[in-house]
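Next come the chains, spelled out residue by residue.
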Amino acid sequence: MDNQIFDSELNEIKNGYKFNSKEEHYKCLQCGDIFEIGRIYEIENRLYEAYKAIKEHNKVVHGGVLENLLSYDKKYTGITEKQSSLLKDISKGLSDKEIAKKNGIAPSTVRHQRFILREKAKQAKLYLAIFESVELLTNQDSKERLVKPHGGAKMLDERYIITNNEHKKVINTYFESQDPLILKSFPSKEKRKISVLREIASIFDQEKKYTEKELNNILKLIYPDIATIRRYLIEYGFFDRTKDCSSYWIKER
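Procedures and definitions
Residues numbered from 1 in each chain as written. Predicted model: local features only at pLDDT ≥ 70, side-chain atom pairs only at ≥ 80, totals over all residues. Heavy atoms only, no water. Phe/Tyr/Trp six-rings, centres within 6.5 Å; stacked < 30°, edge-to-face > 60°. Lys NZ or Arg CZ within 6 Å of the ring centre and 35° of its normal. Helix = DSSP H or I, 4+ residues; strand = E, 2+ residues; numbered from the N terminus. Buried < 20%, exposed > 50% of the residue type's maximum accessible area, 1.4 Å probe, protein only. Contact = heavy atoms within 4.5 Å. Pairing = 2+ DSSP bridges. Axes fitted to C-alpha atoms, helices over the stretch in contact; angles between N-to-C directions. 1 Å grid on protein atoms, 1.4 Å probe; cavity = no way out; pocket = protein on both sides within 12 Å on 5 of 7 lines; lining within 4 Å. Points joined across faces, edges and corners; volume = space filled by probe spheres on them. Nonpolar A, V, L, I, M, F, W, Y, C, P; charged D, E, K, R; others polar.

A. Region of the structure containing the packing of aromatic side chains. Per the counting criterion, the structure on display carries 9 aromatic pairs. Of the aromatic side chains, those joined through ring pairs into one cluster are Tyr17, Phe19, Tyr26 and Tyr51. The ring of Trp249 has Lys209 sitting right over it, with the charged end atom 4.6 Å from the ring centre. The ring of Tyr232 is capped by Arg231, whose NZ or CZ atom sits 4.5 Å from the centre of that ring.

Structure representation (structure tokens):
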């Protein structure tokens, strides 16, 4: 699951896109496609300006925001397959009787499930308020605070469970210098690779696109094995590139 959805505001998640006021574009949270204000986009033989295009894009390409959100694994949503099916039926405006008939269950069962889902939403709101309150009270520079995964992370797993203190130790161990950035050796362990790659990615301009030559020229000052570093920056979602490898850019931090 792309980490950028976790770094988005609730309204952005519900809309399925982010608006970048500085760059004046809309970015799809599902696939990362960009829709720039002032440009016209053709979707299924119809022309749309950026705002309408991103909405149509979500419908046509991703089947709608709700459909896409419900496609995520239960470990992210906490929603069972039956609950997911019920939510889809509710979103279509079906009555309790219609949903019951469609699924071969009693209307009372549907009403009970609606109640459970509402309670789940209340719990989620309260938990979010509690957790955010704890975050505010926590020292932002705490050594035991977890490092936030980068926006392009392709799969959040145990590799990303690393504290600020652990991250700092990896950087001090594997880098000869941090200014300028010089890497002594590239780690074999996955968690350490991510810390090293994060440090390397941090020196690049997120608003700039680099040619392969420009990227190589910067990387060779950091570590001799340019190909390895470049490959892992792509593989771990720190960088993205065009299919012909003519252009590289930092994905969302």
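B. Representation of the side chain of Lys193. Within the fold, Lys193 resides in helix α9 (residues 190-201). A relative accessible area of 7% means that Lys193 is categorised as buried. In this view, Lys193 contacts Phe186, Pro187, Ser188, Tyr232 and Tyr236; residues no more than four positions away in its chain are not counted.

C. Molecular detail of the sheet that holds strand β8 (residues 209-210). Ordered in space as β8-β10-β9, the 3 strands form an open sheet in which the pairing is antiparallel. Edge strands, defined here as strands with exactly one partner in the open sheet, are β8 and β9 (239-241). Where β9 and strand β10 (residues 248-250) come together, 3 bridges link them in antiparallel fashion. Bridge pairing links Asp240 to Trp249 in β10. Running over the sheet, helix α11 (residues 226-235) touches β9 and β10 and is turned about 95 degrees from β9.

D. Quick look at the layout of surface pockets. A volume near 2,400 Å³ is recorded for the largest pocket. Together, 40 residues line the largest pocket, and Phe6, Leu10, Ile13, Tyr76 and Leu128 are the ones closest to its centre. Broken down by element, the residue count for the lining of the largest pocket peaks at 11 residues, all from helix α7 (residues 107-137). Grouping the amino acids of the lining of the largest pocket by side-chain chemistry returns 25 nonpolar, 4 polar and 11 charged.

E. Region of the structure containing the sheet that holds strand β3 (residues 34-36). Across the sheet, 3 strands lie side by side as β1-β2-β3; this open sheet has antiparallel pairing. Both edges of this open sheet fall to β1 (17-20) and β3, since each of them pairs with a single strand only. Taken over all neighbouring pairs, the strand axes of this sheet differ in orientation by 20 degrees on average, direction set aside. Running over the sheet, helix α2 (residues 50-62) touches β1, β2 (25-28) and β3 and is turned about 10 degrees from β2.

Everything listed is a geometric property; what it means functionally is a separate question.
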